[in-house]
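# Architecture and fold: a report
This is what each chain is made of:
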Amino acid sequence: MPEEQKHDPDFTRRSALKKAAATGAGLVVGGAVAAVAGDDQTNGIVERVEAKEEWFAERAFSLSGNKVLVSKSGGSFPRTTLASQIYRPRSAQEIASLVKGSSATTPIACVCGGHEASNAPIFASTDAIVLDLMHLNSIEFQRDDKGLLVTVGAGVVFRELVEAVKKQHGALPVGTGPGVGVVGYIVNGGLSGYFSRRLGLLGQRVVSATMVTAAGEIRVLTSKDELFTAMMGAGSALGIVTDVTIRVAPEQAIRRTEQRVFAFTTREQAIAFCRGGLRIMKNDVFPADSVSFELVVTGTKALVATLVFFDAFEGNDADLVKPLEDLAANLELPLLAESQWSSWYEAAAALWPVINEMKGDPLVMLQHSVGTREVPDEQILDFVSDTIVADAPLDEAQMSIVEIRTLGGAALTGTKVPSGNCYHQFFVDLVAMYDAKDKTLAERQSIANDVQGIVEKAKTVDGLVVDFSGTHSQPDDRDPAVKASVIFGSDEMAEAVRGLKKEFDPNNRFRFHPFAKIL
Ligand SMILES: Cc1cc2nc3c(=O)[nH]c(=O)nc-3n(C[C@H](O)[C@H](O)[C@H](O)COP(=O)(O)OP(=O)(O)OC[C@H]3O[C@@H](n4cnc5c(N)ncnc54)[C@H](O)[C@@H]3O)c2cc1C
C-alpha cells in the first residue's frame, strides 16, 4: 500500500466505493442513491456451497438446547440448513448484486462466525438464501490524529482480530470465543467481561461501517446517520454489514490481570465461595471503575476468579487478590492454578484453549443472562449464589459455566447503542453446554427445564433484568415475555429500531436474528 494511503482513514472505504461504482453496484453515501445492478446472472458467478450438511457441521458452533428437544424419528434432530442456496460472496458489490438479483421478498440470512445461540441464520428457511461471509476476511490498520483505527471485514473472527491488534500494540473489548464473528458480535450488542468496563462495548468504538440494505444499496454510515447507531446492537435485523472501522485503544489501557483457579467438590462449597466472592466484588471492585472482576463456576468443578487492572488503577493488586485467596483457604478449596498476565493479549486469548475443547456430536448450548442497572443489593447477590449457582445444571451438563461479572464503567458512560449491555453494572451468564450424543431426550429436556426454572425465578427478583442483550439471549425459547425495551435498553431505542426496520426492511428480509420475536 502506498505510504499516503497508510495514513488515510478513508482509504479503505473510498477504494470500496470506487470498486462499487465501477461494477455498477448500488451506492449510498450521505443519502444519495446511485444506480444498482444485479441479476440472476450475477448470482451465478458468486461462489456457492453445494454440500449443505458438511457446511452446517463446519459453520455451526453448537445446536440450540431447544432444538434438540424435538425428537424426529429415533431421537435425531435436524443438522442441516433449510436454505435454498448458500453463497460465499467476496465483496460488498457481490452482496449488493445478490440482494438485488433475488426477489424483493426473498429472506436473507448472514453467517459470520456461526455462534448465534438459536441457529436462526444457519437453519434459515426453505425460501431463504444464506450469505456465508467468511471470504470478507480483511483486517487493515490506519492512523488518524486520534490514534489507531482498524477496518475489519464481516467474515473476521476474534482470534484473527486479536492476533492482528496485538502486533499493533493495541487493545479492544473483544469477546471470549476465538471463533465468534466480530461483526456478528457487534451487530447484536456484544460485551467483554474483562475489558468493557474500561474500553466500552466494541460497537461503541465503531466510527464507520459499510452495509448493504434490503434494497441492495451499499451505504457508508458514520455516527451522523441514524441507522449507524441502530446497527451497533440491532444490526442483524436491519441490513448486511460488510465492514466496520473501529477505534483501537493503546495496549497500556490494560495493565495487568490476576487469575486464581480453585477446585470445589460439593455445590455447597461453590455457593459459599460465590457468596464471599460477590461481597468482595460489591465492596471492593464496584466502587473502582479501574478494575473488573469475573467469577466463573464450571461444570468441571472449578472456580475461576479473574481481576483485570486497568491503567487508572492506583491501588495494590494484592488488596483484591488476597481476600479471594483467604476465602478459598477458609473453605479449604485447593488452588489449581495461579496466573499473572501483563498484557491485553494474554487476557484476550486466555480462554481460547478451553473453548476449543468444547466439542460435541453435536455440542448443545443454552445461553441466558441476568443483570442489574445498579450495583447489586444483598438480595440479588444471594439469588445469584443460592439459586443460579445452586440450581445450574453443572453436573448434568458438565461443559456448563456460570459467569458472574462487573460491567458499567466505559460501557455505561459511552454512546448509547441498542443493547441492554450499555446500561448494566453487573451481569451473570448462565451457559448450559453438553455433548448431545451422551444424552437421552429426557436428559436434554431436564437440562432445558432446569435452565428455564432459573430464568423464571430470576424474573421475580426485584431489580434483576433478564435477557438484556442479543448476544446472551436464547431467542428460540418459548417465552413470549421478551421485551424490546429491555433488549435494546430503552423504550426510545426500541421505537427507533422498529421505525428503521419498517423503513429499511419493509419485507422483513433480514429475519434470522436474535430479535425475531420483537421486530
Ligand atoms: C464460545 C462463545 C463465546 C462467546 N463470548 C461472548 C462474549 O464474550 N461476549 C458476548 O457478548 N457474546 C459472546 N458470545 C455470544 C456471541 O457474541 C453471539 O452469539 C454473536 O452474535 C455471534 O456472532 P457470530 O458471527 O459468531 O454468529 P453468527 O451466527 O454468524 O451471527 C450472529 C447473528 O448476527 C448476524 N450477522 C452476522 N454477520 C452479520 C453481518 N455481517 N451483517 C448483519 N448481520 C450479521 C447473523 O445473521 C446472526 O443473526 C459467545 C458465544 C460463544 C458460543
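Residues numbered from 1 in each chain as written. Predicted model: local features only at pLDDT ≥ 70, side-chain atom pairs only at ≥ 80, totals over all residues. Heavy atoms only, no water.

## Looking at helix α12 (residues 318-330)
Between its terminal C-alpha atoms α12 stretches 17 Å, which fits the 18 Å expected from 13 residues at 1.5 Å a residue. Three or more residues of α12 are buried, namely L320, V321, L324, L327 and A328. The buried residues of α12 occupy an angular sector of 125 degrees when projected down its axis, which confines them to one face. Across from the buried face of α12, at angles greater than 90 degrees, the exposed residues are D319 and N330. Its buried side turned inward, α12 meets β15 (254-263), α11 (267-285), β16 (291-298) and β17 (302-310). E332 lies just past α12 and shows a positive phi near 60 degrees. (Helix = DSSP H or I, 4+ residues; strand = E, 2+ residues; numbered from the N terminus. Expected span 1.5 Å × (residues − 1). Buried < 20%, exposed > 50% of the residue type's maximum accessible area, 1.4 Å probe, protein only. Arc of directions from axis to C-beta. Contact = heavy atoms within 4.5 Å.)

## Some words on the packing of helix α10 (residues 226-234) against helix α19 (residues 491-504)
Two elements in contact, α10 and α19, have axes separated by 10 Å at closest approach and are oriented at 105 degrees. As summarised for this structure, α10 and α19 are arranged roughly perpendicular, according to the angle between their axes. Two secondary-structure elements touch here, α10 through E226, L227, T229, A230 and A234 and α19 through M493, A496, V497, L500 and F504. Of the residues in the contact of α10 with α19, the class split is eight nonpolar, one polar and one charged. (Axes fitted to C-alpha atoms, helices over the stretch in contact; angles between N-to-C directions. Parallel < 35°, antiparallel > 145°, perpendicular 65-115°, else oblique. Nonpolar A, V, L, I, M, F, W, Y, C, P; charged D, E, K, R; others polar.)

## Focus: the environment of G181
Mapped onto the fold, G181 is located in the loop between β10 (170-171) and α8 (182-186). G181 gets classed as buried once you look at its relative accessible area, which sits at 4%. Residues G181 and G113, spaced 68 residues apart in sequence, show a C-alpha to C-alpha distance of 3.9 Å.

## A short note on the site of the ligand
Around the ligand, the surrounding shell holds 35 residues, and the nearest of these are C110, C112, G113, G114 and L191. Take E116: an N or O atom from its main chain is 3.1 Å from an oxygen atom of the ligand. For the ligand, whose accessible area on its own is 960 Å², the fraction buried by protein is 97%. For the shell around the ligand, the secondary-structure elements that each account for two or more residues are β6 (108-111), α8, β13 (240-247) and β19 (363-372). In terms of residue count, α8 provides more of the shell around the ligand than any other element does, three residues in total. Partitioning the shell around the ligand into residue classes produces 18 nonpolar, 16 polar and one charged. (Near = heavy atom within 4 Å. Polar contact = N/O pair within 3.5 Å; in protein donor to acceptor, adjacent residues only side chain to side chain. Areas by Shrake-Rupley, 256 points an atom, 1.4 Å probe, with all protein chains shown as cover.)

## Points about the pattern of salt bridges
Evaluated as defined, the whole model comprises 31 salt bridges. Measuring nitrogen to oxygen at the nearest pair gives 2.8 Å for the salt bridge that ties D476 to K67. You can see D476 sitting in the loop between β22 (465-466) and α18 (484-487) and its partner K67 sitting in the loop between β4 (63-64) and β5 (85-87), a full 409 residues away along the chain. In this structure, the salt-bridge partner of D435 is K437, at a minimum N-O distance of 2.6 Å. (Salt bridge = Lys/Arg side-chain N within 4 Å of Asp/Glu carboxyl O.)

## A closer look at the layout of surface pockets
Taken as a whole, the second largest pocket spans an internal volume of roughly 740 Å³. If you go around the second largest pocket, you meet 28 residues; those closest to its centre are A57, E58, R59, A60 and F61. Of all elements in the fold, only α4 (52-59), α7 (158-167) and α14 (352-356) reach the threshold of two or more residues within the lining of the second largest pocket. Broken down by class, the residue content of the lining of the second largest pocket amounts to 13 nonpolar, seven polar and eight charged. (1 Å grid on protein atoms, 1.4 Å probe; cavity = no way out; pocket = protein on both sides within 12 Å on 5 of 7 lines; lining within 4 Å. Points joined across faces, edges and corners; volume = space filled by probe spheres on them.)

## Here we look at the nonpolar core
Note on soluble globular proteins: their nonpolar side chains tend to be buried together. Counting 90 residues, the largest nonpolar core has L161, L172, F195, W344 and F488 as the members making the most contacts within it. Ranked by residue count, the leading element in this core is α10, at six residues. Not counting residues up to four positions away in its chain, the partners in contact with W344 are V162, V165, K166, G170, A171, L172, V174, F195 and I254. With 74 residues, the next largest nonpolar core counts A83, F123, L333 and F512 among its residues. (Core = buried A, V, L, I, M, F, W, Y, C linked by side-chain atoms within 4.5 Å.)

## Describing the confidence of the model for the protein
In the predicted model, the protein carries a mean pLDDT of 92, and 91% of its residues have values of at least 70. Low pLDDT, under 50, characterises residues 1-40; the predicted model gives this stretch 74 contacts beyond four residues in sequence or across chains. (pLDDT = per-residue confidence, 0-100.)

## A few points about the packing of aromatic side chains
Scanning all chains against the criterion turns up ten aromatic pairs. Ring centres of F195 and W344 lie 6.3 Å apart, and the angle between their planes is 45 degrees; this geometry places the pair in the tilted category. Of this pair, F195 sits in the loop between α8 and α9 (196-199) while W344 is found in helix α13 (residues 344-348), placing the two residues 149 residues apart along the sequence. What makes F195 buried here is its relative accessible area of 1%. The interplanar angle of 65 degrees and the centroid separation of 6.2 Å between the aromatic rings of F286 and F426 together place this pair among those described as edge-to-face. Highlighted residues: F286 in the loop between α11 and β16 and F426 in strand β21 (residues 426-435), separated in sequence by 140 residues. Accessibility assignment for this pair places F286 and F426 in one class, buried. One residue, K166, lies across the ring of Y345, its end atom 4.3 Å from the ring centre. Directly above the ring of Y423 sits K416, whose terminal nitrogen or CZ lies 4.9 Å from the centroid. (Phe/Tyr/Trp six-rings, centres within 6.5 Å; stacked < 30°, edge-to-face > 60°. Lys NZ or Arg CZ within 6 Å of the ring centre and 35° of its normal.)

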